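Structural overview
Here is what each chain is made of, one letter per residue.
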Amino acid sequence: MTPTYKLLLAATVAATPLIAATTAQAEGEKYILVSHAPDSDSWWNTIKNAIALAAEQMDVEVEYRNPPTGDLADMARIIEQAAASGPDGIITTLSDFDVLSGPVRSAVDSGVDVIIMNSGTPEQAREVGALMYVGQPEYDAGLAAGERAKGDGVESFLCVNHYISSPASTERCQALPTGSGIELGEQMIDSGQDPAEIKNRVQAYLSANPETDAVLTLGPTSADPTLLALDETGMAGDIYFGTFDLGAEIVQGIKDGVIEWGIDQQPFLQAYLPVVVMTNYHRYGVLPGNNINSGPGFVTAEALEMVEKFAGEYR
C-alpha cells in the first residue's frame, strides 16, 4: 500500500463518523411560528396548512402560536416564551416594530435563529438580527393598489381597516394616496373585527358619503362583511371593490364580478419557505442571498382557476 493511498484511506475513515454525526444531529428540529393574528382571522388557515406540509416534508416539528385576540403586547410575551423554550428557530411576523423588535432581538441574542415573515420589512428584519425576510412589503402593496385604482378611474374610496392597531395593516391604507393621488383624509375607518359591526360601519359610511366610488378592504375579515353590506344596499357590482388577500368569499366575489381584484401576497409561501430555508440552513449551512418578496400580485377573474381550487387552503 503506497503512502499516498494510506493517507487517503485514513482521511476517508476519519471523515465518515463526522458525516454520520452531522446527519444524526439534523433530524427533528423544532421551530415555532408566532403570528399577530387573532383566532377569528380565517386567512391564517393557509399559514397553518403551509407549516404542516413543510414540517412533514422536512421531517421537523413546527408549532403555531398567536395571541387569541390579536393583542400585540400578548404577542411579545409569546415570542419571549417561545425563545425561552429553546427551539431551533423562530419564524415570526413583525407587525409592530416598536412592540416586537425587543423580544425578537432578545431571542436572536440568546442564540435562536429567527426569520421574519408576512409583516415588517427586509430592513427591519436585518435590524433585529433575523436571517432574512419573507413576505409582502405592505406599503408597496398599498401603493400598487392605489395605482391600480387610479388607472381604473377611481376618484374617492373607503378603506376598511379591521386591524387598525397593527401598523403593518394600516400601511396598506396609508399608501393608497401615494398611488392614487387621492388624499386619505377620513376615508379610512376603524371597522373592528366583528362581522356585524363591520357591515354596519361600511353601510353607515357609504350612506353618509354617497359620492364614494370605491371600497378597499384589507382581507377576508373585512371583505366578507363588506360583500354583505353592498349586497343589502344594492351596491354590489356598481361600486368599485378591491381587496387585499384571498379567501373563498373573495374568490367568489371576483368570479361574480362584484370584486375587481384581490391582492395575493401568497401566505403559503410566507410560511412554507421559512421552514424549508431554516431547516436547510441548520443542516447544511446554506441560506439565500436575498430576502423573498411573496407579493403583491393581482388576482382577477381571468386568473381564477387554480386560485379558486385552493382558496382558503393553499392560496
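Calculation rules
- Residues numbered from 1 in each chain as written.
- Predicted model: local features only at pLDDT ≥ 70, side-chain atom pairs only at ≥ 80, totals over all residues.
- Heavy atoms only, no water.
- UniProt positions renumbered as here; feature names shortened; annotations may be inferred.
- Salt bridge = Lys/Arg side-chain N within 4 Å of Asp/Glu carboxyl O.
- Helix = DSSP H or I, 4+ residues; strand = E, 2+ residues; numbered from the N terminus.
- Buried < 20%, exposed > 50% of the residue type's maximum accessible area, 1.4 Å probe, protein only.
- Pairing = 2+ DSSP bridges.
- Axes fitted to C-alpha atoms, helices over the stretch in contact; angles between N-to-C directions.
- Domains from an automatic or database assignment.
- Contact = heavy atoms within 4.5 Å.
- Buried area = accessible area lost by both parts, 1.4 Å probe.
- Right-handed = clockwise from strand over helix to strand, strands pointing away.
- Phe/Tyr/Trp six-rings, centres within 6.5 Å; stacked < 30°, edge-to-face > 60°.
- Lys NZ or Arg CZ within 6 Å of the ring centre and 35° of its normal.

You'll find the chain entered in an unreviewed UniProt entry as Inositol transport system sugar-binding protein, with Limimaricola cinnabarinus LL-001 given as the organism. According to its UniProt record, the chain has this under Sequence similarities (unreviewed entry): "Belongs to the bacterial solute-binding protein 2 family." Quoted verbatim from the Subcellular location (unreviewed entry) field of the UniProt record, the comment on the chain reads "Periplasm".

What follows deals with the pattern of salt bridges. Counted according to the given criterion, the structure contains eleven salt bridges. Among the salt bridges present, the one from Arg 283 reaches Glu 29, with a minimum N-O distance of 3.0 Å. Of the two residues, Arg 283 is situated in helix 12 (residues 267-284) and Glu 29 in the loop between helix 1 (3-25) and strand 1 (30-34); the sequence distance between them amounts to 254 residues. Judged by relative accessible area, Arg 283 falls into the buried class, the value being 16%. Notably, a salt bridge pairs Arg 172 with Asp 245, separated by 3.5 Å at the nearest N-O pair. With Arg 172 in helix 7 (residues 167-174) and Asp 245 in the loop between strand 9 (240-244) and helix 11 (248-256), this residue pair connects regions lying 73 residues apart in the sequence. Relative accessible area serves as the criterion here: at 4%, Arg 172 is assigned to the buried category. Here Asp 245 falls in the buried class, since its relative accessible area comes to 5%.

Bringing the sheet that holds strand 8 (residues 214-217) into the picture now. Whether parallel or antiparallel, the strands of a sheet pair through hydrogen bonds between backbone atoms. Strand order in the open sheet formed by six strands is 7-6-8-9-10-12, with mixed pairing between adjacent strands. Bordering the open sheet on either side are strand 7 (188-190) and strand 12 (297-299), each of which pairs with just one other strand. Put simply, the sheet's adjacent strands are angled 20° from each other on average, direction ignored. Here strand 6 (residues 158-161) runs beside strand 7; their pairing, made up of three bridges, is parallel. By the bridge assignment, Val 160 is partnered in strand 7 with Ile 189.

With that settled, the discussion passes to the domain arrangement of the chain. Each assigned domain of the chain is listed here: domain 1 (30-135 + 267-293) and domain 2 (138-264). Summarising the inter-unit geometry, the C-alpha centres of domain 1 and domain 2 are found 28 Å apart. In this complex, domain 1 contributes 13 residues to the contact, which on the side of domain 2 involves 13 residues. Summing both partners gives a buried area of about 900 Å² for domain 1 against domain 2, and 45% of it is carried by carbon and sulfur.

On to the pairing of strand 9. Counting buried positions along strand 9 gives five out of five residues, so the element sits mostly inside the fold. Of the two faces of strand 9, the one holding Tyr 240, Gly 242 and Phe 244 and the one holding Phe 241 and Thr 243 are both buried throughout. Pairing of strand 8 with strand 9 involves four bridges; the strand directions are parallel. Bridge pairing in strand 9 links Val 215 to Phe 241. Handedness of the strand 8-helix 10 (residues 220-233)-strand 9 crossover: right-handed. Pairing between strand 9 and strand 10 (residues 261-264): three bridges, direction parallel.

To continue, consider the packing of aromatic side chains. Overall, the coordinates contain six aromatic pairs when judged by the stated rule. On the basis of an interplanar angle of 80° and a centroid distance of 5.1 Å, the ring pair of Trp 261 and Phe 298 is categorised as edge-to-face. Separated by 37 residues along the polypeptide, Trp 261 in strand 10 and Phe 298 in strand 12 bring together distant segments of the chain. Judged by its relative accessible area of 27%, Phe 298 is partly exposed. Between Phe 268 and Tyr 314, the aromatic rings sit 5.6 Å apart at their centres with planes inclined by 75°, giving edge-to-face as the arrangement. Of the two residues, Phe 268 sits in helix 12 while Tyr 314 sits in the segment after helix 13 (305-310), which places them 46 residues apart along the sequence. Relative accessible area serves as the criterion here: at 16%, Phe 268 is assigned to the buried category. On the basis of relative accessible area, Tyr 314 is assigned to the partly exposed category, the value being 28%. Here the aromatic cluster, defined as three or more aromatic residues joined through ring pairs, consists of Phe 268, Tyr 272, Phe 310 and Tyr 314. Positioned above the aromatic ring of Phe 298, the side-chain terminus of Arg 148 is 4.7 Å from the ring centre.

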